[in-house]
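Observations on the model geometry
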Amino acid sequence: MAAHLQGMTDHATLPGGGLFAQAWAMLRPPAVDALYGLLGTRAFTARGLWLNLGYWRDARSIEEACPALALLVGQAAAIGPEDDVVDVGFGFADQDMLWARQFAPRRITGLNVTPLHVRLGRARVRRAGLADRIDLREGSATAMPLPDACCDVVTALECAFHFDTRAGFLAEAFRVLRPGGRIVLADIIPAAAAGGALRRRWQRASWRALARALAIPAANADARDGYAARFGAAGFAAPEIRSIGADVFPGFHHALREDAAFFARLPGSARLAYRPLLRFEAGDVYAGLDYVLASARKPQA
């Protein structure tokens, strides 16, 4: 392991960040909306149009893992029949349709900056007979086209790391929430430094590479303590940040290795970029990343 890690760390010193950085750099988009525009209607799953990495604690396939992550977020937010929900970055609305059926909130308003997602999401919601309960709109996470104190829950499933900036999104979420309202994010942040100098060096390289590939603003590179402080700065009380990376990254990586149909559903550029990474373990590929489930409340007063 020491020799293997030394080799990976040496690669990280090469121009472009070595193998990991060179692979991910091939996916670097000009902007977030362009990233999802390039994906088009490609999805990770054969059923539905799910795009998240999945929650793999009990899941055995990407088909199970993607909705499992959405259910985890919905349960953490305690979505119920009396709630008005604002879901920011709703993908193709799979999560919203799942929540509408599973938790029966009064209304879900989805916001997304990608016109394709809004257009197809609306069509899918209509076909599902849920248009009276799910309202999908084009709109920014940092300038929500919504009035003050209009909802009870704000969610962002695997997208807040994109927002320019996450701090601006949290301020907007605080504004649109009613007193006592809840916010829940499934989010990606830099991992805490661990191991010796070589390992920490590799962690930094892997985070920088992914940040470039996914257009993550530098202002969003808050590790756990700084991340929790962002909630307090926005006015939220009692933030809870729980790492679930062990139930996300290894399962996703293993599925890409073992499920040829899943791997084939990736865009061609993504397959080309990720294929060299399959020979490494998930703990190395995602060394610089942590996946967190974050929640907080807007004070009653």
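Residues numbered from 1 in each chain as written. Predicted model: local features only at pLDDT ≥ 70, side-chain atom pairs only at ≥ 80, totals over all residues. Heavy atoms only, no water.

**A short note on the packing of aromatic side chains**
- Under the definition given, this model contains nine aromatic pairs.
- Summarising the aromatic geometry, the rings of Tyr-227 and Phe-231 are spaced 5.5 Å apart at their centres and angled 70° between planes, so their arrangement reads as edge-to-face. Placement of the pair is Tyr-227 and Phe-231 together in helix H9 (residues 224-234), with a separation of four residues, close to one helical turn.
- Both rings, one in Phe-249 and one in Tyr-286, keep their centres 4.7 Å apart while their planes meet at 10°; by these two values the pair is stacked. Taken together, the residues Phe-249 in helix H10 (residues 249-258) and Tyr-286 in the loop between helix H13 (282-285) and strand S7 (289-297) connect sequence positions 37 residues apart. This pair shows no difference in class: Phe-249 is buried, exactly as Tyr-286 is.
- The ring of Phe-174 carries the charged tip of Lys-298 above its face, separated from the ring centre by 4.7 Å. (Phe/Tyr/Trp six-rings, centres within 6.5 Å; stacked < 30°, edge-to-face > 60°. Helix = DSSP H or I, 4+ residues; strand = E, 2+ residues; numbered from the N terminus. Buried < 20%, exposed > 50% of the residue type's maximum accessible area, 1.4 Å probe, protein only. Lys NZ or Arg CZ within 6 Å of the ring centre and 35° of its normal.)

**Overview of the sheet that holds strand S6 (residues 237-243)**
- Ordered by their spatial adjacency, seven strands build an open sheet running S3-S2-S1-S4-S5-S7-S6, and the pairing between neighbours is mixed. If you trace the sheet from one side to the other, it starts and ends with strand S3 (134-138) and S6, each paired once. Neighbouring strand axes in the sheet, compared pairwise and without regard to direction, differ in orientation by 15° on average.
- Pairing geometry for strand S2 (residues 107-112) and S3, over five bridges, is parallel. By the bridge assignment, Thr-109 is partnered in S3 with Asp-135.
- The strands that helix H5 (residues 94-103) touches are strand S1 (84-88), S2, S3 and strand S4 (151-157); relative to S3, the one it contacts most, it runs at about 160°. (Pairing = 2+ DSSP bridges. Axes fitted to C-alpha atoms, helices over the stretch in contact; angles between N-to-C directions. Contact = heavy atoms within 4.5 Å.)

**Comments concerning the nonpolar core**
- Phe-252 and Tyr-291 are the most contacted members of the largest nonpolar core, which totals 60 residues.
- Among the elements that make up this core, the one with the highest residue count is helix H4 (residues 62-76) (seven residues).
- Leu-146, Ala-156, Ile-183 and Leu-185 belong to the second largest nonpolar core, which has 29 residues in total. (Core = buried A, V, L, I, M, F, W, Y, C linked by side-chain atoms within 4.5 Å.)

**Things to note about the packing of helix H7 (residues 166-176) against H9**
- Relative to each other, H7 and H9 sit at 40°, their axes nearing to 9 Å. One finds that H7 runs oblique with respect to H9. Where H7 crosses over H9, the handedness of that crossing is right-handed. Residues Arg-166, Ala-167, Leu-170, Ala-171 and Phe-174 of H7 pack against Tyr-227, Arg-230, Phe-231 and Ala-234 of H9. (Parallel < 35°, antiparallel > 145°, perpendicular 65-115°, else oblique. Left-handed = near helix turned anticlockwise from the far one by under 90°.)

**Side note on H7**
- Within H7, the full set of buried residues consists of Arg-166, Phe-169, Leu-170, Glu-172, Ala-173 and Val-176. Buried positions in H7, seen along its axis, are confined to an arc of 165° and lie on one side of it.
- Packing partners of the buried residues in H7 comprise S1, S4, strand S5 (177-190) and H9. (Arc of directions from axis to C-beta.)

**Description of the pairing of S1**
- Summarising burial for S1: five of the five residues are buried, a large majority.
- Side chains Asp-84, Val-86 and Val-88 of S1 all project onto a buried face; the interleaved residues Val-85 and Asp-87 project onto the opposite face, where all are buried too.
- With H5 bridging S1 and its parallel neighbour S2, the resulting β-α-β unit is right-handed.
- As defined by bridge partners, S1 adjoins S4 across three bridges and the pair is classed as parallel. Bridging across to S4, Asp-87 finds its partner in Thr-155. (Right-handed = clockwise from strand over helix to strand, strands pointing away.)

**Observations concerning unusual backbone geometry**
- Geometrically, the link from Asp-164 to Thr-165 is a cis peptide bond, its omega value of 10° lying close to zero.
- Position of Thr-165 among the secondary structure elements: in the loop between S4 and H7.
- One non-glycine residue with positive phi stands out, namely Ala-78, at about 50°.
- Within the secondary structure, Ala-78 sits in the loop between H4 and S1.
- Phi is positive for Ala-93, close to 80°, though the residue is something other than glycine.
- On the secondary structure map, Ala-93 appears in the loop between S1 and H5.
- In this structure Ala-93 comes out as buried when scored by relative accessible area, which is 0%.

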